[in-house]
Amino acid sequence: MSELKRVTEIKAELQAAEETMLPSFILEYKTDDRAGVKKLVSQAEKRLKALEQERQRIEELKFYERQYEDRGYICGIDEVGRGPLAGPVVAAAVILPRDCKILYINDSKKLSAKKREELYDIIMEQAVAAGIGMAGPERIDEINILQATYEAMRQAIQNLAVLPDILLNDAVTIPQVEIPQVPIIKGDEKSISIGAASIIAKVTRDRLMEEYDQIMPEYGFARNKGYGSQEHIKAVKNYGPSSIHRRSFIKNI
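Predicted, not measured: the structure shown is a model, and the values here were computed from it. (Residues numbered from 1 in each chain as written. Predicted model: local features only at pLDDT ≥ 70, side-chain atom pairs only at ≥ 80, totals over all residues. Heavy atoms only, no water.)

When helices and strands are tallied, the protein shows 12 helices and five strands. A compact globule built from 253 residues would reach a C-alpha radius of gyration of about 18 Å, whereas the protein, at 23 Å, exceeds it by more than 25%. Each of the three principal axes of the protein carries a C-alpha extent, and together these read 70 × 50 × 25 Å. When burial is assessed residue by residue, the protein has 48% of its 253 residues classed as buried. Considering only contacts within the protein whose residues lie at least 6 apart along the sequence, 65% involve residues at least 24 apart. (Helix = DSSP H or I, 4+ residues; strand = E, 2+ residues; numbered from the N terminus. Rg over C-alpha atoms; globule rule 2.2 N^0.38 Å. Buried < 20%, exposed > 50% of the residue type's maximum accessible area, 1.4 Å probe, protein only. Contact = heavy atoms within 4.5 Å.)

This part is about the layout of surface pockets. Taken as a whole, the largest pocket holds about 260 Å³ of empty space. Lining the largest pocket are 15 residues, with Glu65, Ile74, Leu96, Pro97 and Arg98 sitting closest to its centre. Taken together, the elements giving at least two residues each to the lining of the largest pocket come down to helix 4 (63-67) and helix 9 (192-215). By residue class, the composition of the lining of the largest pocket is eight nonpolar, two polar and five charged. (1 Å grid on protein atoms, 1.4 Å probe; cavity = no way out; pocket = protein on both sides within 12 Å on 5 of 7 lines; lining within 4 Å. Points joined across faces, edges and corners; volume = space filled by probe spheres on them. Nonpolar A, V, L, I, M, F, W, Y, C, P; charged D, E, K, R; others polar.)

Turning our attention to the packing of aromatic side chains. Counted by the stated rule, this structure contains four aromatic pairs. Across the ring face of Tyr104, the terminal group of Lys115 is positioned such that the distance to the ring centre comes to 4.4 Å. Positioned above the aromatic ring of Phe249, the side-chain terminus of Arg246 is 5.0 Å from the ring centre. (Phe/Tyr/Trp six-rings, centres within 6.5 Å; stacked < 30°, edge-to-face > 60°. Lys NZ or Arg CZ within 6 Å of the ring centre and 35° of its normal.)

This next bit is on the environment of Ser112. Examined against the element boundaries, Ser112 turns out to sit in the loop between strand 2 (89-95) and helix 5 (113-126). A relative accessible area of 42% places Ser112 in the partly exposed class. Distance from Ser112 to Pro88, taken between C-alpha atoms, is 22 Å for residues 24 residues apart in sequence. Here the side chain of Ser112 touches Lys115 through a polar contact of 3.1 Å, landing on its backbone nitrogen. (Polar contact = N/O pair within 3.5 Å; in protein donor to acceptor, adjacent residues only side chain to side chain.)

Another point: the sheet that holds strand 5 (residues 181-184). Read from one edge to the other, the open sheet built from five strands follows the order 3-2-1-4-5, with strand pairing classed as mixed. Both outer strands of the open sheet, strand 3 (129-135) and strand 5, are each paired with one neighbouring strand and no more. Between one strand and the next, the sheet's axes are offset by a mean angle of 20°, whatever the strand orientation. (Pairing = 2+ DSSP bridges. Axes fitted to C-alpha atoms, helices over the stretch in contact; angles between N-to-C directions.)

Turning to the pattern of salt bridges, a few remarks are in order. Scanning the entire structure with this criterion turns up 18 salt bridges. One salt bridge in this structure joins Asp206 and Arg116, with 3.7 Å as the shortest N-O distance. With Asp206 in helix 9 and Arg116 in helix 5, this residue pair connects regions lying 90 residues apart in the sequence. The class of Asp206 is buried, set by a relative accessible area of 8%. Between Glu151 and Arg139 there is a salt bridge, with its nearest N and O atoms 2.7 Å apart. Within this pair, whereas Glu151 is found in helix 7 (residues 145-158), its partner Arg139 is found in helix 6 (residues 137-143), the two being separated by 12 residues in sequence. (Salt bridge = Lys/Arg side-chain N within 4 Å of Asp/Glu carboxyl O.)

Between its first and last C-alpha atoms helix 3 (residues 35-60) spans 38 Å; for 26 residues at 1.5 Å apiece the expected length is 38 Å, and the two agree. When we look at burial in helix 3, the residues that qualify are Val37, Leu40, Val41, Ala44, Leu48, Leu51, Glu54 and Ile58. Packed against the buried residues of helix 3 are helix 1 (7-16), helix 2 (22-29) and helix 9. (Expected span 1.5 Å × (residues − 1).)

Here's what the structure looks like:
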């Protein structure tokens, strides 16, 4: 009987409960009059409501995917790293399954580093295909950041194991690509495919910058990811540019 259980036991039960178990948890304990149990049931109800709201948000995030589903494979494309003083620009191309049910996908900037890491693994496991492309600092200096971004995006498409039939891009139209494209302003907030690509690109680049930090700790790359923080700019002034700095970006420092 549930009344024989201690509140601490019921609390542990709730903490361990997966989302599919929440309705049965609520049903089992909702008649328990103890204040502690009532509080736990309320928490379970809030969790369930939040999950339902998240599922609804994800369904709304499939607006463009539903609009173009008759085209075949839909690929979301996004990039990260156009603004930093150091490191590459990284692009990702992601084809999600049509019935994708991954929750919490969003613009990578709106997610915590921990959540991005969790979603990276889930997306890479469930995606029909995922490709990554990048252009390094020397290439950025050679052809400019916009052209380097396009190059990284083309590379990401080429690295897909499956050829997409249509591309959903975050704001841009990529030159020299024959596949039909749909540029979407703030696409990482409006398309589940572009949101997934933003997460893959962000985690890939962040991991790379953390590796550079192990080699060149004086620049604080693990913290600033190559962006122009005060700490980073001071380090460039003190130590000079590293091998991964974009000379065209730091010429005025």
